[in-house]
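# Fold and contact review
Given next are the chains, with one letter for each unit.
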Amino acid sequence: LLKFDNLRYRLMPYIYSLAGKTYLDDYTIMRGLVMDFEADTIARNITDEYMFGPNLLINPVYEYNARTRKVYLPANSNWYDLYNGKFYSGGKYITADAPYSRMPVFVKTGSIIPFGPAIEYTQQKPADTITLFIYTGANGRFNLYEDDGLSYDYEKGKYSIIPMQYNNQTKTLTIEKREGLFKGMLQKRIFNIQWISPEHAAALDFNQPADNVIQYEGKEITVNSDR
């Protein structure tokens, strides 16, 4: 439980952005596979897997003493194991490791996943350094949403969005110009970039050196990967 609690807080920039998208765009954070993979006839009938936002495929383990579980990876995308970065082709079943302390989680190609600092509660410290894990293999977009985290001022339009997009053909990540403003907003921050590719399976390790380090001040900036 502690491992997943820590992971939840690391994922707070991702989760909070999904909450912002839910408010702004009537989005749904917990998504049955049919919502994102309607053309996949197998995915349409699976009821024990779900998407957490647009990028994370969650596979609960519910059988007593199970240490593996059968996982279907939807078609029209490829996937990475969240924990070790191993690449898998979509449209097939696999047997995923499910040790006692960990459920299988997979990341869709083209995903941009923002991870924040290690915290114990949401207001402990600002996310002035965010690690972006870029899962290459398809084009992708993500909007990093932020507000003051305390008030209802977001209902008055006081929030910011930092759009991000990854172009798989040019292997380019573009962090676009920040949109919006709110009281107490960070004017500067650091983005640490980690590139994940089929040839470079990087583990989910927040202590490893970043592939790129970007100092972001609200203006558009682009970085290229050689992977």
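For the structure, see preceding data.
Before going into details, it helps to say that this report is about the structure given with it. (Residues numbered from 1 in each chain as written. Predicted model: local features only at pLDDT ≥ 70, side-chain atom pairs only at ≥ 80, totals over all residues. Heavy atoms only, no water.)

Let us now look at the sheet that holds strand S15 (residues 189-196). Taken together, the 4 strands give an open sheet; going across it, the order is S9-S10-S15-S16, and neighbouring strands pair in mixed fashion. A strand with exactly one partner marks an edge of an open sheet, and here the two such strands are strand S9 (112-115) and strand S16 (212-216). For this sheet, the mean inter-axis angle between neighbouring strands, taken without regard to orientation, is 25 degrees. Of the pairings in the sheet, the one linking strand S10 (residues 129-135) to S15 comprises 7 bridges and is parallel in character. Looking at S15, one finds that Leu-132 is bridged to Ile-193. (Pairing = 2+ DSSP bridges. Helix = DSSP H or I, 4+ residues; strand = E, 2+ residues; numbered from the N terminus. Axes fitted to C-alpha atoms, helices over the stretch in contact; angles between N-to-C directions.)

Before going further, it helps to spend a moment on the packing of helix H1 (residues 2-10) against helix H2 (residues 12-25). For the pair H1 and H2, the least separation of the axes is 5 Å and the interaxial angle reads 60 degrees. In terms of orientation, H1 and H2 fall into the oblique class. Residues Arg-8, Tyr-9 and Arg-10 of H1 form the contact with H2, whose own contacting residues are Met-12, Pro-13 and Ile-15. Looking at the contact of H1 with H2 residue by residue, the class counts come to 4 nonpolar, no polar and 2 charged. (Parallel < 35°, antiparallel > 145°, perpendicular 65-115°, else oblique. Contact = heavy atoms within 4.5 Å. Nonpolar A, V, L, I, M, F, W, Y, C, P; charged D, E, K, R; others polar.)

A few words on the side chain of Arg-178. On the secondary structure map, Arg-178 appears in the loop between strand S13 (172-175) and strand S14 (179-180). With no salt bridge to any partner, buried Arg-178 finds its closest opposite charge in Glu-146, at an N-O distance of 6.2 Å. In contact with Arg-178, other than residues within four places in its own chain, are Ser-160, Ile-161, Ile-162, Met-185, Leu-186, Gln-187, Tyr-216, Glu-217 and Gly-218. (Buried < 20%, exposed > 50% of the residue type's maximum accessible area, 1.4 Å probe, protein only. Lys, Arg positive; Asp, Glu negative; His and termini not counted. Salt bridge = Lys/Arg side-chain N within 4 Å of Asp/Glu carboxyl O.)

Attention now moves to the sheet that holds strand S2 (residues 50-52). A sheet is described by the order of its strands in space; here 6 strands give the open sequence S1-S2-S3-S8-S5-S6, paired in antiparallel fashion. Taken across any chain shown, the strands that pair with only one partner, and hence form the sheet edges, are strand S1 (30-32) and strand S6 (87-88).

Residue Asn-76 is not a glycine yet carries a positive backbone phi of 65 degrees. Structurally, Asn-76 is set in the loop between strand S4 (68-73) and strand S5 (79-81). Notably, Lys-171 is not glycine yet its phi reads approximately 55 degrees, a positive angle.

Counting residues in hydrophobic clusters, the biggest one holds 41 residues, and the most contacted among them are Leu-82, Leu-132, Tyr-135, Leu-173, Ile-175 and Phe-191. Of the residues forming this core, the biggest block, 5 residues, is contributed by S10. Counting 14 residues, the second largest nonpolar core, distinct from the first, contains Leu-33, Val-71, Leu-73 and Trp-79. (Core = buried A, V, L, I, M, F, W, Y, C linked by side-chain atoms within 4.5 Å.)

Now for the side chain of Glu-146. The residue Glu-146 is located in strand S11 (residues 140-146) in this model. Look at Glu-146 and you get buried, because its relative accessible area is 17%. Here the side chain of Glu-146 touches Arg-189 through a polar contact of 2.7 Å, side chain to side chain. Other than its neighbours up to four places away in sequence, Glu-146 contacts Tyr-159, Ser-160, Ile-162, Phe-182 and Arg-189. (Polar contact = N/O pair within 3.5 Å; in protein donor to acceptor, adjacent residues only side chain to side chain.)

A few words on the environment of Phe-133. Structurally, Phe-133 is set in strand S10. With 30 residues separating them in the primary sequence, Phe-133 and Met-103 have C-alpha atoms 20 Å apart. With sequence-adjacent residues up to four places away left out, Phe-133 is seen in contact with Ser-111, Ile-112, Ile-113, Phe-115, Gln-194, Ile-196, Ala-203, Leu-204, Asp-205, Phe-206 and Gln-208.

Judged by how many residues are buried, S15 sits mostly within the fold: 7 of 8 residues are covered. As paired elements, S15 and S16 share 5 bridges and run antiparallel to each other. Opposite Asn-192, over in S16, you have Val-213 as the bridge partner.

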